[in-house]
Amino acid sequence: MPTSQPDVSGSPEDRTTPDDLLHARTGTEASPEDLVLASGKDITPHTLEWARRKLEAEGPAALDKLLP
């Protein structure tokens, strides 16, 4: 039984994911834990405080700056 294969004949630009589909925000507010994990750091009292200050100063954009 044949399986369907995606069309790979187009140029690479045709297969590039649009930028608006790459953002991870789900419409909910980012938590300090989210920000710490997105930064690649371990969750500690120190990094949670850093994240709280950053979210307070930059809002949800703080998370957007860390994610592709």
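The rules we used
- Residues numbered from 1 in each chain as written.
- Predicted model: local features only at pLDDT ≥ 70, side-chain atom pairs only at ≥ 80, totals over all residues.
- Heavy atoms only, no water.
- Helix = DSSP H or I, 4+ residues; strand = E, 2+ residues; numbered from the N terminus.
- Buried < 20%, exposed > 50% of the residue type's maximum accessible area, 1.4 Å probe, protein only.
- Contact = heavy atoms within 4.5 Å.
- Areas by Shrake-Rupley, 256 points an atom, 1.4 Å probe, with all protein chains shown as cover.
- Salt bridge = Lys/Arg side-chain N within 4 Å of Asp/Glu carboxyl O.
- Expected span 1.5 Å × (residues − 1).
- Arc of directions from axis to C-beta.

Caption draft 1: Structural view of the overall build of the chain. In terms of helices and strands, the chain carries three helices and zero strands. The secondary structure elements of the chain, listed N-terminal to C-terminal, are α-α-α. A total of 68 residues make up the chain; the buried ones form 16% of that total. Looking at the chain alone, contacts between residues at least 24 apart form 43% of all its contacts between residues at least 6 apart. Of the accessible surface of the chain, which amounts to about 5,500 Å², a share of 56% is contributed by carbon and sulfur atoms.

Caption draft 2: Structural context of the pattern of salt bridges. Per the stated rule, a full pass over the model turns up four salt bridges. Of the charged contacts, one joins Glu-49 and Arg-53 as a salt bridge, the two residues approaching to 3.8 Å between their closest N and O atoms. With a gap of four residues between them, Glu-49 and Arg-53 both fall in helix H2 (residues 45-58), about one helical turn apart. Exposure remark for Arg-53: the relative accessible area of 47% places this residue in the partly exposed category.

Caption draft 3: Fine view of H2. Taking 1.5 Å per residue, 14 residues should reach 20 Å; H2 reaches 20 Å between its end C-alpha atoms and fits that length. Among all positions of H2, only Thr-47, Leu-48, Ala-51 and Leu-55 are buried. The buried residues of H2 all sit within an arc of 100° when viewed along its axis, so they share a single face. Away from its buried face, by an angle of more than 90 degrees, H2 presents the exposed residues Pro-45, His-46, Glu-56 and Ala-57. Looking at the buried side of H2, the elements it contacts are helix H1 (32-38) and helix H3 (61-66). Gly-59 occupies a position one or two residues after H2 and carries a positive phi of about 70°.

Caption draft 4: Expanded view of the environment of Ala-62. Within the secondary structure, Ala-62 is located in helix H3. Ala-62 sits eleven residues away from Ala-51 along the chain, and the two C-alpha atoms are 8.8 Å apart. Those residues within four positions of Ala-62 in sequence are excluded, and the remaining contacts are Leu-35, Lys-54 and Leu-55.

By themselves, these observations are geometric and do not establish any function.
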